[in-house]
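Chains, contacts and geometry: an overview
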Amino acid sequence: MSRYFCHDHPDVLALETRVLDARPGAVVLEQSPFHPGGGGQLPDRGRLTWHAGETRVVGFDAADGRVWHRLADAVEPSGVVRVSVDADVRAAQSELHTGAHVLNALVYRTFDGALITGAQLNDDLTARIDFDLPGVDNDRLRALDAELNDVIRQDLPVRYAWMPLEAARAEPGLLRSRSVAPPPAADGSVRIVEIVGLDRQACGGTHLASTGQSRPLRILKIDNKGRHNRRVRIGLVGTRQ
Ligand SMILES: [Zn+2]
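Residues numbered from 1 in each chain as written. Predicted model: local features only at pLDDT ≥ 70, side-chain atom pairs only at ≥ 80, totals over all residues. Heavy atoms only, no water.

Turning our eyes to something else, we now look at the overall build of the chain. When helices and strands are tallied, the chain shows five helices and 13 strands. Its C-alpha atoms give the chain a radius of gyration of 19 Å, near enough to 18 Å, the size a compact globule of 241 residues would have. In terms of overall dimensions, the chain has a C-alpha envelope of 60 × 40 × 35 Å along the principal axes. Buried positions account for 48% of the 241 residues belonging to the chain. In the structure as shown, the chain presents an accessible area of about 11500 Å², 48% of it carried by carbon and sulfur atoms. Side-chain charges of the chain comprise 30 positive and 31 negative groups, with the mean position of each set lying 4 Å from the other. (Helix = DSSP H or I, 4+ residues; strand = E, 2+ residues; numbered from the N terminus. Rg over C-alpha atoms; globule rule 2.2 N^0.38 Å. Buried < 20%, exposed > 50% of the residue type's maximum accessible area, 1.4 Å probe, protein only. Areas by Shrake-Rupley, 256 points an atom, 1.4 Å probe, with all protein chains shown as cover. Lys, Arg positive; Asp, Glu negative; His and termini not counted. Charge placed at Lys NZ, Arg CZ, Asp CG, Glu CD.)

Structure below.
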């Protein structure tokens, strides 16, 4: 995973910066508060304002170690710009993503180290997470709903650390995806996300500061996808406090 500004400054959603490179409809910025998505998390969206106008930031493309910010209009901003992240989109993705971690932790613990095979967070406060769970009774999975909300009520803090990828590989349970290990940052390290007292795993996404900031979460549906995979759909309930 690349090391993004938002990893170190998750609360900075707006800043002034300079355009390093531009082509019609896209810019590279000196500093960026945006999370470009990945690992099932949707990319941030936001706005970019410069001396000649304003446009929306609608997507991201990584190339040659740089992140191109795709713009809604075929403009070529230059000089000093002000960018801001859509706070509602970021908050909803962070909340859902934190919930996905909690579910993942409970599945890992309950079903002997079962790994994730895929995840997709949606724009409508729901997500799907696929687990490698051959021969598991879906009622046992459904029963995790109560524990999920118990963890939310416990308000466990979320903390971060960076460690060398090789050290992360050596510690069972830190790399939780069946198919992919997160690519390390330029210095060879990966980011470890800890829900204190519950779970530690490598992840480059955005999260709440503690589980208690989440709304209640429901397991909506469980589908069998092939012999090995269970697809669990989860959804946040109610309006955010
Ligand atoms: Zn995460």
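So that's the structure; there's more coming.
Attention now goes to the packing of helix H2 (residues 87-110) against helix H4 (residues 144-154). Look at H2 against H4: their axes get within 10 Å of each other, and the N-to-C directions meet at 125°. With respect to H4, the axis of H2 lies oblique. Taken as a pair, H2 and H4 cross one another with a handedness that is right-handed. Here Gly99, Val102, Leu103, Leu106, Val107, Arg109 and Thr110 of H2 lie close against H4, whose contacting residues are Leu144, Glu147, Leu148 and Val151. In terms of residue class, the contact of H2 with H4 is made up of seven nonpolar, two polar and two charged. (Axes fitted to C-alpha atoms, helices over the stretch in contact; angles between N-to-C directions. Parallel < 35°, antiparallel > 145°, perpendicular 65-115°, else oblique. Left-handed = near helix turned anticlockwise from the far one by under 90°. Contact = heavy atoms within 4.5 Å. Nonpolar A, V, L, I, M, F, W, Y, C, P; charged D, E, K, R; others polar.)

Once that is clear, we can look at the pattern of salt bridges. For the structure shown, the criterion picks out 18 salt bridges. The closest approach of N and O atoms between Arg3 and Asp8, which form a salt bridge, is 3.2 Å. One network of salt bridges, with partners in common, ties together Arg128, Asp130 and Arg231. (Salt bridge = Lys/Arg side-chain N within 4 Å of Asp/Glu carboxyl O.)

Attention now moves to the coordination of the zinc ion. Looking at the zinc ion, one finds its protein donor set to be His97 (NE2), His101 (NE2), Cys203 (SG) and His207 (NE2), positioned 2.0 to 2.1 Å from the metal centre. Around the zinc ion, the four donor atoms are arranged such that angles at the metal cover 97 to 122°; this shape is classified as tetrahedral. Within one chain, the residues donating to the zinc ion are spaced in sequence as H-x3-H-x101-C-x3-H. In this pair, His97 and His101 are both assigned in helix H2, four residues apart and thus about one turn of the helix distant. On the accessibility criterion, His101 (5% relative accessible area) is buried. (Donors = N, O, S within 2.8 Å, 3.2 Å for Na, K, Ca; no water. Tetrahedral: all angles 85-135°; square planar, octahedral: opposite > 155°, others 65-115°.)

Every α-helix winds through 3.6 residues per turn, so residues three or four apart in the chain are directed the same way. Among the residues making up H4, those that are buried are Leu144, Asp145, Leu148, Asn149, Val151 and Ile152. Buried residues of H4, seen end-on, are gathered within an arc of 150° and therefore sit on one face of the element. What points out from H4, more than 90 degrees from its buried face, is the exposed set Ala146 and Arg153. Contacts from the buried residues of H4 go to H2, helix H3 (138-142) and strand E12 (217-225). A positive backbone phi angle near 55° is found at Asp155, which sits one or two residues after H4. (Arc of directions from axis to C-beta.)

Another aspect to go through is the packing of aromatic side chains. Considering all chains together, one arrives at one aromatic pair under this definition. Look at Phe34 and Phe60: their rings are 5.5 Å apart centre to centre, the planes differ by 45°, and that puts the pair in the tilted class. Here the residue Phe34 occupies a position in the loop between strand E2 (26-29) and strand E3 (46-50), and Phe60 occupies one in strand E4 (residues 53-63), the gap between them amounting to 26 residues. There is no split in this pair, since Phe34 and Phe60 are both buried. Over the aromatic face of Trp68 sits the side chain of Arg23, whose NZ or CZ is 3.9 Å from the ring centroid. The residue whose ring lies beneath Arg176 is Tyr108, and the NZ or CZ to ring-centre distance is 4.0 Å. (Phe/Tyr/Trp six-rings, centres within 6.5 Å; stacked < 30°, edge-to-face > 60°. Lys NZ or Arg CZ within 6 Å of the ring centre and 35° of its normal.)

Our focus in this paragraph is the sheet that holds strand E10 (residues 189-195). The pairing of strands in a sheet happens through backbone hydrogen bonds and is either parallel or antiparallel. Taking strand neighbours across the sheet as the criterion, the three strands line up as E9-E10-E11 in an open arrangement whose pairing is antiparallel. Each of the sheet's edge strands pairs with one partner strand only, and the pair in question is strand E9 (158-164) and strand E11 (199-202). Ignoring strand direction, the axes of neighbouring strands in this sheet form an average angle of 25°. Pairing of E10 with E11 involves four bridges; the strand directions are antiparallel. Residue pairing in the sheet places Ile195 in a bridge with Asp199 of E11. (Pairing = 2+ DSSP bridges.)

Just geometry here; none of it tells us what the structure is for.
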